[in-house]
Amino acid sequence: LDENTDSVLDKRLRDYRLPEEQAIIPMLFITPTIVNDGRQLIISSQGLSFMTDYDIDSNMSYKPLPQSVEFSRLFAAQDAQNLCYTSALRMNATFPYITPITALPSKPVVEAMDAGLLDNFGLETAVKYVYTFRKWLEENTGRIIIIQIRDQFKRAKITDNSPHNVMQSF
């Protein structure tokens, strides 16, 4: 990746903090899946603890476990903001048999894998972010556009000659 991008992403998470805060570049967070327990691992140069909590009714008598874990807090003792950006991207895109699961420096070891296990297109994460800042967004923006980039065209309809199983599609 570094070779193919002329090392433009050869930076640490901390290198993006100020440009993101000043809105020079868009804020980006990466959300691989924690294999151990099926939660999202939220990686960002910014604090995103608000993405780890549920918005629950105050009348509820219990608080569910967070569905996400903030990387910077979990690995604060390991200097989380020193993580290579390309390492975070690779952690987010592990494909079985091609690139292995990432083992992170914790006890027990946290294993991270492709974000697509939980939220293949990032829509759930995007909606949660928009919902969290809905009041500010309503007051300060005209609209929100969500762009979905796919690796192939979405098929509009199924035809009679469409493959019926995985082997037929091969």
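Conventions and cut-offs
- Residues numbered from 1 in each chain as written.
- Predicted model: local features only at pLDDT ≥ 70, side-chain atom pairs only at ≥ 80, totals over all residues.
- Heavy atoms only, no water.
- pLDDT = per-residue confidence, 0-100.
- Helix = DSSP H or I, 4+ residues; strand = E, 2+ residues; numbered from the N terminus.
- 1 Å grid on protein atoms, 1.4 Å probe; cavity = no way out; pocket = protein on both sides within 12 Å on 5 of 7 lines; lining within 4 Å.
- Points joined across faces, edges and corners; volume = space filled by probe spheres on them.
- Nonpolar A, V, L, I, M, F, W, Y, C, P; charged D, E, K, R; others polar.
- Patch = residues over 30% accessible without salt bridge, like charges linked within 9 Å, V, L, I, M, F, W, Y side chains within 5 Å.
- Areas by Shrake-Rupley, 256 points an atom, 1.4 Å probe, with all protein chains shown as cover.
- Salt bridge = Lys/Arg side-chain N within 4 Å of Asp/Glu carboxyl O.
- Buried < 20%, exposed > 50% of the residue type's maximum accessible area, 1.4 Å probe, protein only.

1. A closer look at the confidence of the model for the protein chain
In the predicted model, the protein chain carries a mean pLDDT of 82, and 81% of its residues have values of at least 70. Mean pLDDT values for the elements of the protein chain range from 56 in helix H7 (residues 166–169) up to 95 in helix H1 (residues 14–21).

2. A few points about the layout of surface pockets
Taken as a whole, the largest pocket spans an internal volume of roughly 1300 Å³. Taken together, 35 residues form the lining of the largest pocket, with Met-27, Leu-28, Phe-29, Gly-122 and Ala-126 sitting closest to its centre. A per-element tally of the lining of the largest pocket places helix H5 (residues 123–132) first, with five residues. Among the residues forming the lining of the largest pocket, the class breakdown is 23 nonpolar, eight polar and four charged.

3. Points about a nonpolar patch on the surface
Among the surface-exposed residues, Leu-123, Val-127, Ile-144 and Ile-146 lie close enough to one another that they form a single nonpolar patch of about 350 Å² accessible area. Here Val-127 shows up in helix H5. Of the residues examined, Val-127 reaches a relative accessible area of 45% and is grouped as partly exposed.

4. Some words on unusual backbone geometry
With omega at -5°, the peptide bond leading from Lys-107 into Pro-108 counts as cis. As for its placement among the helices and strands, Pro-108 is situated in the loop between strand S4 (102–104) and strand S5 (110–113). Positive phi outside glycine occurs at Asp-6, with the angle close to 50°. Topologically, Asp-6 is positioned in the segment before H1. Given the relative accessible area of 71%, Asp-6 is considered exposed. In this structure, Asp-79 is a non-glycine residue whose phi angle is positive, near 60°. Asp-79 gets classed as partly exposed once you look at its relative accessible area, which sits at 36%.

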